[in-house]
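Examining the three-dimensional arrangement
Here's the letter readout for the chains.
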Amino acid sequence: MRICVFCGSQTGSRPEYHQQAAELGRLFVEQGHSLVYGGGQVGLMGIIADAVLAAGGEVVGVIPEQLATKELLHTGVTVMHRVDSMHARKAKMEQLSNAFVALPGGYGTLEELLEIITWAQLGIHRKNIGILNTSGYFDGLIGLVEHAIAESFMRPDHRKLLVVANSPTELLERLQEHELPTTRKWFRAEDS
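Residues numbered from 1 in each chain as written. Predicted model: local features only at pLDDT ≥ 70, side-chain atom pairs only at ≥ 80, totals over all residues. Heavy atoms only, no water.

**Points about the overall build of the protein chain**
- Check the secondary structure of the protein chain and you find 6 helices and 7 strands.
- Counting helices and strands in the order they occur from the N terminus, the protein chain gives β-α-β-α-β-β-α-β-α-β-α-β-α.
- A compact globule built from 192 residues would reach a C-alpha radius of gyration of about 16 Å, and the protein chain, at 16 Å, matches this within 12%.
- C-alpha extents for the protein chain along the principal axes are approximately 55 × 35 × 30 Å.
- Of all 192 residues assigned to the protein chain, the portion counted as buried reaches 47%.
- Long-range pairs, those at least 24 residues apart, make up 71% of the contacts in the protein chain between residues at least 6 apart in sequence.
- Element-wise, carbon and sulfur atoms account for 51% of the exposed surface of the protein chain, whose accessible area totals about 9,600 Å². (Helix = DSSP H or I, 4+ residues; strand = E, 2+ residues; numbered from the N terminus. Rg over C-alpha atoms; globule rule 2.2 N^0.38 Å. Buried < 20%, exposed > 50% of the residue type's maximum accessible area, 1.4 Å probe, protein only. Contact = heavy atoms within 4.5 Å. Areas by Shrake-Rupley, 256 points an atom, 1.4 Å probe, with all protein chains shown as cover.)

**Overview of the environment of histidine 81**
- Assignment of secondary structure puts histidine 81 in strand S4 (residues 79–83).
- By relative accessible area, which is 23% here, histidine 81 ends up partly exposed.
- Sequence separation between histidine 81 and tyrosine 137 is 56 residues; the distance between their C-alpha atoms is 30 Å.

**Quick look at the sheet that holds strand S7 (residues 163–165)**
- Taken together, the 7 strands give an open sheet; going across it, the order is S4-S3-S2-S1-S5-S6-S7, and neighbouring strands pair in parallel fashion. Pairing within the sheet leaves two strands with one partner each, and these edge strands are S4 and S7. The mean angle between the axes of side-by-side strands here comes to 20°, regardless of whether they run parallel or antiparallel.
- Sheet analysis places strand S3 (residues 59–64) next to S4, joined by 5 bridges and oriented parallel. Considered in S4, the bridge of proline 64 is made with valine 83.
- Strand contacts of helix H2 (residues 43–54): strand S1 (2–6), strand S2 (34–37) and S3, with the helix running at about 155° to S2, the strand carrying the most contacts.
- Against the sheet, helix H3 (residues 86–96) contacts S1, S2, S3, S4 and strand S5 (99–102), and its axis sits at roughly 160° relative to S3. (Pairing = 2+ DSSP bridges. Axes fitted to C-alpha atoms, helices over the stretch in contact; angles between N-to-C directions.)

**Structural notes on helix H4 (residues 107–121)**
- Between its first and last C-alpha, H4 extends 21 Å over 15 residues, near the 21 Å set by a 1.5 Å rise per residue.
- Against the buried residues of H4 lie S1, H3, S5, strand S6 (128–132) and helix H5 (139–150).
- Looking one or two places after H4, you find glycine 123, whose phi comes out positive at around 85°. (Expected span 1.5 Å × (residues − 1).)

**Some points on the packing of helix H1 (residues 15–30) against helix H6 (residues 168–177)**
- Running from N to C, H1 and H6 point in directions that differ by 45°, and their axes come no closer than 9 Å. Classified by the angle between their axes, H1 and H6 sit oblique to one another. When you trace H1 past H6, the crossing you get is right-handed. Here H1 contributes Gln20, Glu23, Leu24, Leu27 and Phe28 to the contact with H6, which in turn contributes Pro168, Thr169 and Leu172.
- Its residues placed into classes, the contact of H1 with H6 shows 5 nonpolar, 2 polar and 1 charged. (Parallel < 35°, antiparallel > 145°, perpendicular 65-115°, else oblique. Left-handed = near helix turned anticlockwise from the far one by under 90°. Nonpolar A, V, L, I, M, F, W, Y, C, P; charged D, E, K, R; others polar.)

What follows is the structure, given as structure tokens:
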């Protein structure tokens, strides 16, 4: 299985972010998975790519030309796709992947995660999506999803579009077992 990982171009302030990114990369190879990711050599992106490569696994990068500078582009990956834009990057990553995982990151990571969830919600793809909630990093986002459900901006079955786990091992196990729900995006007028 090819798993796309969205994650930060920074390493963050906690050693656990680095540790879990590296552990997830090693587990990918142990379990026969390949990594699809944003193509960078910096931050958590570089850490997970290096871990997969060090364990002998396949790493597929997808990077927009504007980010493909000597400082950012990982030159050691198995395959590197250079694309024209951030939009093309996300479309290519979705096309190449069988599942998605988010690790801690900033706006880019959050935007990629939320867009891929939206695509699942709209039926554009039927691929599992996981969050590695290292040290509670995504607790606020998970709380926001619950708040949106409580306020009737999202349907309760939409929470099942996400698999959340606190360790790489648990996350991969749950992604393998998870069955994406059949969701209905739109409310009818009488439902509101």
